[in-house]
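Architecture and fold: a report
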Amino acid sequence: FSAILISLINICLFMNITKVTIENYKCFDGRFSFEPNKGLNLLVGDNEAGKSTILEAIHLALTGLLNGRYLKNELTQYLFNNKSVTTYVQNLKEGKPATLPYILIELCFEGDDISLLEGDGNIEKKKDCGITFKIEFDDKYQGEYEELVKAGNIKTVPIEYYDIVWTSFARQGITAKSIPLKSALIDSTSSRYQNGSDIYISRIIRENLEHKEIVDITQAY
């Protein structure tokens, strides 16, 4: 194998992640699930196999953070699996039923003091303890979305109409403070920078344009 990644997935003495499910996030086309061991876990695989993406997804579901920033303010179509996006856009062009892509990350837990996270609000509809982190289309934009479809202006995922739904298996809304298991993601393999002009232009767009104008610009460029 060309790369080895070591992860302390479970660092809480009385709590463990028993199952991880990732769907349509970055390199994961469709549903991917695995059950970590208690304690230290080693993820081994070729470059671009998805090792870092697994850790990133777990950290995202526990903290709501991506690259050190709250994802709510950093949503982008590049988080979605490229195949799911391509299929969606192609179906729209051909006039076929086009299901809007979504991203799902689910974590199942075992341990002490997690009864508030217990329920069947998970993809398997089975009683368990855990959380669901989902990026999905917000139905309140249905009218605007349909107009966009009629105009034939959709070239990628209309991310401006998406929202983050973060819930426990008890179907209650949660935040990072509600989750007893904490996460610290340390990645020394890369550094991420954002061009100053990009930040400046993004701020101008957010502060001065109407929502529909932002959608039109995003789809155009």
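Structural notes, computed from the coordinates. Here the structure is a predicted model, which means the values were calculated and not measured. (Residues numbered from 1 in each chain as written. Predicted model: local features only at pLDDT ≥ 70, side-chain atom pairs only at ≥ 80, totals over all residues. Heavy atoms only, no water.)

**Remarks on the overall build of the protein**
Within the protein, the regular secondary structure consists of five helices and 10 strands. Evaluated residue by residue, the protein yields a buried proportion of 40% over its 221 residues. Taking all contacts inside the protein whose residues are at least 6 apart in sequence as the whole, residues at least 24 apart take part in 70%. A total of about 13,400 Å² of accessible surface is found on the protein, and carbon and sulfur atoms cover 50% of it. (Helix = DSSP H or I, 4+ residues; strand = E, 2+ residues; numbered from the N terminus. Buried < 20%, exposed > 50% of the residue type's maximum accessible area, 1.4 Å probe, protein only. Contact = heavy atoms within 4.5 Å. Areas by Shrake-Rupley, 256 points an atom, 1.4 Å probe, with all protein chains shown as cover.)

**Some details on helix α5 (residues 211-220)**
Where α5 is concerned, the buried positions are I214, V215 and Q219. Looking straight down α5, one finds its buried side chains confined to an arc of 125°; they lie on one side. (Arc of directions from axis to C-beta.)

**Details of helix α2 (residues 82-93)**
Across its 12 residues, α2 extends 17 Å between first and last C-alpha, which sits within 8% of the 16 Å expected from 1.5 Å per residue. Listed in full, the buried residues belonging to α2 are S84, V85, Y88, V89 and N91. The arc that holds the buried residues of α2, viewed along the axis, is 160°, so those residues lie on one side. In α2, the exposed positions that point more than 90 degrees away from the buried face belong to N82, K83 and K93. Elements in contact with the buried residues of α2: α3 (142-150). N-cap assignment for α2: the residue whose side-chain oxygen lies 3.0 Å from the backbone N of K83 is N81. (Expected span 1.5 Å × (residues − 1). Polar contact = N/O pair within 3.5 Å; in protein donor to acceptor, adjacent residues only side chain to side chain.)

**Some thoughts on unusual backbone geometry**
Notably, N24 is not glycine yet its phi reads approximately 60°, a positive angle. By secondary structure assignment, the location of N24 is in the loop between β2 (15-23) and β3 (31-34). Even without a glycine there, the phi angle at D113 is positive, about 55°.

**Section: the pattern of salt bridges**
Per the counting criterion, the structure on display carries 13 salt bridges. The closest approach of N and O atoms between E110 and K38, which form a salt bridge, is 3.2 Å. Of this pair, E110 sits in strand β7 (residues 103-111) while K38 sits in the loop between β3 and β4 (41-45), and the two are 72 residues apart along the sequence. Its relative accessible area of 30% is what places E110 among the partly exposed residues. (Salt bridge = Lys/Arg side-chain N within 4 Å of Asp/Glu carboxyl O.)

**Focus: the pairing of β7**
Most of β7 sits inside the fold, with seven of its nine residues counted as buried. Across eight bridges, β2 lies against β7 in antiparallel orientation. Within β7, the position partnered with N16 by the bridge is E110. Strand direction decides the pairing type here: β7 and strand β9 (residues 128-137), joined by six bridges, are antiparallel. Across the sheet, the residue bridging to C108 is G130, located in β9. (Pairing = 2+ DSSP bridges.)

**What about the packing of aromatic side chains?**
In the structure shown here, the tally under the stated rule is eight aromatic pairs. Counting every residue linked through ring pairs, the aromatic cluster contains F80, F137, Y141, Y145, Y161 and Y162. (Phe/Tyr/Trp six-rings, centres within 6.5 Å; stacked < 30°, edge-to-face > 60°.)

**Side note on the pairing of β2**
Within β2, eight of the nine residues are buried, which leaves the element mostly enclosed by the surrounding structure. Of the strand pairs in this sheet, β2 and β3 are connected by four bridges, and their pairing is antiparallel. In the strand pairing of β3, T21 is matched with S33.

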